[in-house]
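Residue-level structure breakdown
Chain by chain, the residues run as shown.
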Amino acid sequence: MINNIFTNLPANAKEEVFEDLLNHNNIKIERIISSGQTTPEDSPYIQDQAEWVIVLKGKADLLFCDSGEQYRLAEGDYIFIPAKCSHRVTYTSDETIWLAIHIF
């Protein structure tokens, strides 16, 4: 079955939308759709697994909390987030589409 990453996009979502595209053995691939949402300062992501993300559409700012490093990701930019790395999304454009690969 063929699917397209840019189809069936939610309209005007108030929350980020996380959709599993593949969940198999030690890998999970998900589509994330952001519409201006950010991570609250008091609730950074700290995940047990490593994550590789790419911005397919839009823009986003990613902050690594421990080091203070901040990155602006534009379309086509990708970054690796190690397991247990405290990080936050501090900006997303109105329609940002991410592809995230979680490695367990």
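Our subject is the structure listed above.
What you see is a predicted model, and the numbers here were worked out from it, not measured in a lab.

With that settled, consider unusual backbone geometry. Even without a glycine there, the phi angle at N8 is positive, about 55°. As for its placement among the helices and strands, N8 is situated in the segment before β1 (17-24). Residues other than glycine seldom take positive phi values, yet K84 does so here, at roughly 70°. For K84, the position within the fold is in the loop between β6 (78-81) and β7 (87-92).

Looking at the element boundaries, I54 is found in strand β3 (residues 50-57). Dropping the residues within four chain positions of it, I54 is found in contact with G76, D77, Y78, I97, W98 and L99.

Strand order in the open sheet formed by three strands is β5-β4-β7, with antiparallel pairing between adjacent strands. Edge strands, defined here as strands with exactly one partner in the open sheet, are β5 (70-73) and β7. Across the sheet, the mean angle from the axis of one strand to that of its neighbour is 20°, orientation sign disregarded.

Our next topic: the sheet that holds β1. Hydrogen bonds between backbone atoms are what pair the strands of a sheet, whose relative direction is either parallel or antiparallel. Here we have five strands laid out as an open sheet, ordered β1-β2-β8-β3-β6, and antiparallel in their pairing. The open sheet has two edge strands, β1 and β6, and neither has a second partner. Each neighbouring strand pair of the sheet contributes to a mean axis angle of 20°, computed without reference to strand direction. Relative to strand β8 (residues 96-103), strand β2 (residues 27-34) runs antiparallel, the two sharing eight bridges.

Let us look at the pairing of β6. What you see with β6 is a clean split: I79 and I81 sit on the buried side and Y78 and F80 on the side with no burial. Where β3 meets β6, four bridges bridge the pair, whose relative direction is antiparallel. Within β6, the position partnered with E51 by the bridge is I81.

What follows deals with the pattern of salt bridges. In the structure shown here, the tally under the stated rule is five salt bridges. As a salt-bridge pair, K57 and E95 come within 2.5 Å of each other at their nearest N and O atoms. Taken together, the residues span a long stretch of sequence, with K57 in strand β3 and E95 in the loop between β7 and β8 at a distance of 38 residues. Judged by its relative accessible area of 33%, K57 falls in the partly exposed class. D61 is the salt-bridge partner of R72, the closest N and O atoms lying 2.4 Å from each other. Here R72, found in strand β5, pairs with D61, found in strand β4 (residues 60-64); they are eleven residues apart in sequence, far enough to count as distant.

If you walk through the whole model with that rule in mind, you get two aromatic pairs. Between W52 and Y78 the ring centres are 5.1 Å apart and the planes differ by 40°, which places this aromatic pair in the tilted class. Linking W52 in strand β3 with Y78 in strand β6, this pair joins segments that are 26 residues apart in sequence. Relative to Y71, the ring of F64 has its centre 5.7 Å away and its plane inclined at 85°; by these criteria the two rings are edge-to-face.

The rules behind these values
- Residues numbered from 1 in each chain as written.
- Predicted model: local features only at pLDDT ≥ 70, side-chain atom pairs only at ≥ 80, totals over all residues.
- Heavy atoms only, no water.
- Helix = DSSP H or I, 4+ residues; strand = E, 2+ residues; numbered from the N terminus.
- Contact = heavy atoms within 4.5 Å.
- Pairing = 2+ DSSP bridges.
- Axes fitted to C-alpha atoms, helices over the stretch in contact; angles between N-to-C directions.
- Buried < 20%, exposed > 50% of the residue type's maximum accessible area, 1.4 Å probe, protein only.
- Salt bridge = Lys/Arg side-chain N within 4 Å of Asp/Glu carboxyl O.
- Phe/Tyr/Trp six-rings, centres within 6.5 Å; stacked < 30°, edge-to-face > 60°.

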